[in-house]
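Given next are the chains, with one letter for each unit.
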Amino acid sequence: MPGLGKTTLAYSAYTEKSVVGHFDIRAWCTVDQEHNEKKLLQKIFNEVIGLKERVSEDDIDGDIADKLRRQLFGKRYLIVLDDLWDTATWDELTRPFPTEFQKGSRVILTSRKSRKKEVALHGKCHSDPLDLRLLRPEESWELLEKRIFGEERCPNELKDVGEKIAQKCDRLPLVLDLIGGVVSRMEKKEALWLEVLNNLSSFIFKDEEEVMKVIQLSYDHLSGHLKPCLLYLASYPKDEDIAISWLKDLWSDEGLVEPTDLKSVEEVTEVYVDELISSSLVIVRGGRHLSCQIHDLVHDFCSIKARKEKLFDLKSSIFLSLSSSSDMMLRRRTIIYDEDIHSDDSSFFSPEKRNPCAKHLLSLKIESGYLYNWHLRHLRLLKRLDLWGKILPDTFLKEIGMLIHLRCLRIELKAKALPPSFSNLCNLETLVVDNSGSNLVLSPTIWGLAKLQYVSSSDCSVFDSDIDKPTKLREYDNLKSVSTSLVR
């Protein structure tokens, strides 16, 4: 049954200080229904060696199982396989693990469905599977009361209806937490609490579908400006800790967060994050709001909802070449593309083929695949372009200079300077460049872009090559943050 706290308990053990100090190596892998075992092994390997980047198809090493075994051999390791669905996947993933349990190595697995207990029994080594029980009635009310009132006690006039709400949550911690998030943001009036109780009366929590209804209820009680912000969290993998600083860039670039007369974008972002945390739809990680996550079921809900709301979607090469135009007419169009593109003439990246969805695209992130003969010049409305990890050819860079609506750009290249066409990017606010170890000249035409606020680059020269003089960054009042290793 989802929502019992399996992942929460595993994470608590995984991050416990004494546990962290006991093991030489720790790795966390959310399996879910991913059927590419090599991709999962690569994910575990990256965690083992401390590499936090997402794993794409072209990152997978053919000898990944042997490399993982060598990394783990002779060391005390703890590996968590979260949300495992079948015994075959367990066998594939654990085959490279050295069976040196006398050294104190451990593997923790969680499985979402009760009928999947066979997975836990199959992988049993040192202990019997732990079946998390439902909360007792008094524990349910204690959790709900604390979620709503903190350290204070519930007023007597609300206690009766409050206990009935707790009872309707069927003793599931996730449901109690979500409903507590809804009620905590309401006025403390019995009539409003009775509305929540009536909404819950038809729910029977026997499967994921019923829990999804509670997530929908919690979502419905969010302010309109928060709903797309929550949905965009599903653009990150299920097990990824999302840095709060990334949310500012993501939400701002998508036009979801704007400064007010009294607050900057950063301050508005903090308010939004606090509101989402108070709803219990977002989980804080790392202390003091440094990072956050969403529950697996909330992630599933957000992915489905984002598609229905035509907000964003994760795409494959089949989708790009075969989807109907009606599928692609999105109000705020974002594609996060994380699989290999095998066709060099995909209609989506060809201006000649006139894919009808291309002109509506506002945000594009390519995480995998080769560039072939792609073009960008017809994607005129792009506001956000992320091509991190791909060396871009000169022709591709020149076309980026045509995208005058870009607000955020993340690219990797091997060049002495950015092309002159980048001076056309009059709306650019964030520029992140990896020039692969070679020195990059950032000329005044880049620094002088009117809206540019954040610049991050590796080795670069802040220099005007035309007049052979250094550039004085203090002349550019719009710049808020510069992160770079200055060569000259």
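Residues numbered from 1 in each chain as written. Predicted model: local features only at pLDDT ≥ 70, side-chain atom pairs only at ≥ 80, totals over all residues. Heavy atoms only, no water.

Buried together is how nonpolar side chains tend to be arranged in soluble globular proteins. Counting 65 residues, the largest nonpolar core has Ile 165, Ile 179, Trp 193, Leu 200, Leu 230 and Trp 251 as the members making the most contacts within it. Top contributing element to this core by residue count: helix H9 (residues 173–184), with seven residues. Apart from the residues lying within four places of it in its own chain, the contact partners of Trp 193 are Ile 148, Phe 149, Cys 154, Leu 158, Val 161, Gly 162, Ile 165, Val 183, Glu 187 and Lys 188. Leu 364, Ile 366, Leu 418 and Leu 428 belong to the second-largest nonpolar core, a separate cluster that totals 32 residues. (Core = buried A, V, L, I, M, F, W, Y, C linked by side-chain atoms within 4.5 Å. Buried < 20%, exposed > 50% of the residue type's maximum accessible area, 1.4 Å probe, protein only. Helix = DSSP H or I, 4+ residues; strand = E, 2+ residues; numbered from the N terminus. Contact = heavy atoms within 4.5 Å.)

Attention shifts here to the sheet that holds strand E1 (residues 25–30). Read across the sheet, three strands follow the order E1-E2-E3 without closing on themselves; strand pairing throughout is parallel. Of all the strands in the sheet, just E1 and strand E3 (106–109) have a single pairing partner and so form its edges. When strand polarity is set aside, the average angle formed by the axes of neighbouring strands in this sheet is 10°. Across six bridges, the pairing between E1 and strand E2 (residues 77–82) is parallel. Paired with Ile 25 across the bridge in E2 is Tyr 77. Its contacts with the sheet put helix H1 (residues 6–15) on E1, E2 and E3, and the angle it makes with E1 is roughly 165°. (Pairing = 2+ DSSP bridges. Axes fitted to C-alpha atoms, helices over the stretch in contact; angles between N-to-C directions.)

We now examine the sheet that holds strand E5 (residues 283–285). In spatial order, the strands read E4-E6-E5; together these three strands make up an open sheet with antiparallel pairing. Two strands bound the open sheet, and with one partner strand each, they are strand E4 (242–243) and E5. Here E4 runs beside strand E6 (residues 291–293); their pairing, made up of two bridges, is antiparallel. Bridging from a neighbouring strand, Ala 243 pairs with Ser 291 of E6.

All right, on to the pattern of salt bridges then. By the definition in use, this model includes 13 salt bridges. Across the salt bridge formed by Glu 145 and Arg 153, the nearest N and O atoms sit 3.3 Å from each other. When its relative accessible area of 62% is taken as the criterion, Arg 153 is described as exposed. Glu 210 is the partner of Lys 213 in a salt bridge, and the nearest nitrogen-oxygen pair spans 3.1 Å. In this pair, Lys 213 and Glu 210 both sit in helix H11 (residues 208–220), three residues apart, roughly one turn of the helix. Take Lys 213: its relative accessible area is 35%, and that puts it in the partly exposed class. Residue class for Glu 210 comes out buried when judged on its relative accessible area of 12%. In this structure, a network of salt bridges that share partners links the residues Arg 133, Arg 136, Glu 138 and Glu 139. (Salt bridge = Lys/Arg side-chain N within 4 Å of Asp/Glu carboxyl O.)

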